[in-house]
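Secondary and tertiary structure notes
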Amino acid sequence: MNPYAVGIAISLLIYLIVGSYAGRKVKHLDDYFVAGRSAPTLLIVGTLVASFLSTSAFLGETGFSYQGHGPLLLIMMAVNVMGYVLGALFFGRYLRRSEALTVAEYFGRRFESQGKRVQSAAGWTIIVGLSAYLLAVTQGASLIVSEVTNIPYSAALVVVWAGYTLFTFYSGSRGVIITDTMMFMVFMVAGFAALYYIIASAGGWFAMIEALATFEPKRDLIAWHGSLGPELQWQAPLDGLSWALILGLSWGLVVAVSPWQSSRYLMAKDEHTVVRASCVAVGAVLILYIALVFGAIAINLANSEIDPPERALVWAGFHLMPTLPAVILMTGIMAAALSSASTFLSLVGFSASHDLFPHPLRDDRHQLRVTRYTMLGVGLAALGLAYFQPPAIMWIAYFAGTLFASSWGPVAFFSVWSDRITAAAAFWGIVAGFGGNALAKLLEYRGILDLPVLLDPFLIGLALSSATIWIVSCLGRASDAERAFRAALHHVPERERDERKLRGTLRIARALIATGVIAIAFLIACYARPYAAARAAIGSGAQSTNLSGSANER
Amino acid sequence: MSGELLLAIGYGAAMIVVGAIALRIVKRDYSPPPRRQQRD
């Protein structure tokens, strides 16, 4: 057994033990669905970030940075993570105030005149979107395990599946948020360990920046627009910038309202925890991305021809790091995948048992048992689908995230901020946003449509959903009960107006501002200035590119 | 101003902007009522 297999096996065992222990404390439906609504800030931050970042961050996005698009990824992330705080302030804390068990249930109760229909529509989008996402993450993690441990793919699939299914089905959200937080810590350490060794292999941070600024095999690796060219994704800086801003906006909506992010707030012990966790998540993700992006770009200095680029970080683990840190890196990549998978599985299971096929059972215990069996059934179905790798599923995973942004985004915010939105408008808004985005993406994927950046399928879905809500709302009137429900959402509970809690939350918001100031100082001193100096040093080669793509002498 | 400098400023500014919004809204919504009003 190689050291990577040992590391991964030990980590899986620990997650299983911790998850099982947490499962023993699950007595009621509230414990299983929303961890008893008692989670402190650390656990909410852990589960928010861990369920957001998966193999797509540690393999896909590091590969994307390695190819030369790292700076655009930083721009995208800066816009994206703003959704955490804005989502928490303008949706998440109201969602928690509703005391629903799932986000779909919140929609059903908010739009009570057609509650079942709205809850089912939201439930189906979870089943379709998150099942696809779950399969993609499971398959991605299995490929990594198979590669680093030298076991067959089918065996790796069973190991990965068991690694998240066993404790998720037994412990529900109570186990998921604890293991998510442990996994969050493991992959944060892994990200910075990788950066440390990659920097060391490049001769230190400033030598690395200088070498990257003048790196000839791939030009402009760390210019603000990244590498450009006919063989690359973008030819002009403005195209890349538009992509980064639009994707940042769409993923900003995802972290604000998507089920696997906003549902975390249902578990928070109070509304201060919701706001605090969102602020810490912004800081944690943005700091981690500085490490991931610069680390991935710098792998080029050791080997600029890794193919496929998604293997860049794994290659760095094998070739640039000593065994123990490399084991931590592989365990961290695995943790990122498992944490997302456990959250997705739990949400699909919750939706199947609670939003789509609710059982009018005698008591909590029976309902808990049925929900656990449903969860296990969903897990087994996911294993079967992942094993046979139906190709039709993969393209869904490609855009599953932004489906929620366009279908849930407008309905979520209108549900809190508009008295006029009707239940029918909410239902058709979800359907139009989901359908518009999915159809445009399908036509683009099949090569039937070639959409410009400004007509991204996400934007089409978002516009369709918003227009549908407006038009359908004009044709009807929200019921009195719906208006009363919304009014109740805007009533701040007295227990939340607490001097001590307020001071703590304000301290964290100020800490986020201070982190922003430090990040600016760090990036100017350690990136922008040394980059400009290195470009200036190569004299006539020193060029900066304006937005239209033409080069100017600096 | 170079694009790299703007990127450096923008990256940190994202944290500053949302931190400032959180500060303002939390103060507005969660400040305990003044003592006189509590007595009333």
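Figured I'd write up the structure that's included with this text. (Residues numbered from 1 in each chain as written. Chains lettered and ligands numbered in written order. Predicted model: local features only at pLDDT ≥ 70, side-chain atom pairs only at ≥ 80, totals over all residues.)

**Some points on the overall build of chain A**
Selection rule: For the purposes of this entry, the term helix denotes a DSSP run of H or I that reaches at least four residues, the term strand denotes a run of E that reaches at least two, and both are numbered from the N terminus. Radius of gyration here uses only the C-alpha atoms, and the compact-globule reference equals 2.2 Å multiplied by the residue count raised to the power 0.38. Using C-beta atoms placed from the backbone, we call a residue buried if 20 or more other C-beta atoms fall within 10 Å of its own, exposed if 12 or fewer do, and partly exposed for counts in between. Distance between backbone-placed C-beta atoms decides contact: two residues are in contact if it is within 7 Å.
Broken down by element type, chain A carries 19 helices and two strands. A compact globule built from 554 residues should have a C-alpha radius of gyration of about 24 Å, and chain A, at 23 Å, falls within 12% of that. Its C-alpha atoms give chain A principal-axis dimensions of about 75 × 55 × 55 Å. Within the span of chain A, comprising 554 residues, buried residues form 59% of the whole. If you take every contact in chain A between residues at least 6 apart in sequence, the share linking residues at least 24 apart comes to 82%.

**What about the overall build of chain B?**
Within chain B, the secondary structure is distributed over two helices and zero strands. Considering chain B as a whole, with its 40 residues, one finds that 32% of them fall into the buried category.

**Side note on helix 4 (residues 55-97) of chain A**
Residue and element names in this part refer to chain A. Using the following cut-off: How far a helix is expected to stretch is found by multiplying one less than its residue total by 1.5 Å.
The terminal C-alpha atoms of helix 4 lie 33 Å apart, and with 43 residues this falls more than 12% below the ideal 63 Å at 1.5 Å per residue. Among the 43 residues that make up helix 4, 40 are buried, leaving the element largely enclosed by the rest of the structure. Following helix 4 by one or two positions, glutamate 99 adopts a phi angle in the positive range, close to 60°.

**So, the environment of A:Ser131**
Residue and element names in this part refer to chain A. You can see serine 131 is positioned in helix 6 (residues 115-149). Since 24 C-beta atoms lie within 10 Å of it, serine 131 is described here as buried. Residues serine 131 and lysine 441 lie 310 residues apart in sequence; the distance between their C-alpha atoms is 18 Å. Among all residues touching serine 131, those that are not within four sequence positions of it are Val348 and Ala382.

**Details of helix 12 (residues 312-320) of chain A**
Restricting attention to buried positions, one finds in helix 12 of chain A the residues A:Ala312, A:Leu313, A:Val314, A:Ala316, A:Gly317 and A:Leu320. Residues of helix 12 of chain A that are buried sit in contact with helix 4, helix 7 (153-201), helix 11 (271-302) and helix 13 (323-356) of chain A.

**Quick look at the environment of A:Lys116**
Relative to the helices and strands, A:Lys116 is located in helix 6. Here the alpha-carbon distance between A:Lys116 and A:Met185, two residues 69 residues apart in the chain, equals 39 Å.

**A word on unusual backbone geometry**
All names here are of chain A. Here aspartate 307 and proline 308 are connected by a cis peptide whose omega angle stands at 0°. As for its position among the elements, proline 308 is in the loop between helix 11 and helix 12. At glutamate 99, a position not held by glycine, the phi torsion is positive, near 60°. Summarising the element assignment, glutamate 99 is placed in the loop between helix 4 and helix 5 (103-110). Accessibility expressed as a C-beta count within 10 Å gives 13 for glutamate 99, which makes it partly exposed. The residue aspartate 220 is not glycine, and still its phi comes out positive at about 60°. Assignment of secondary structure puts aspartate 220 in the loop between helix 8 (205-213) and helix 9 (237-257).

That's the geometry; what it means functionally is another story.
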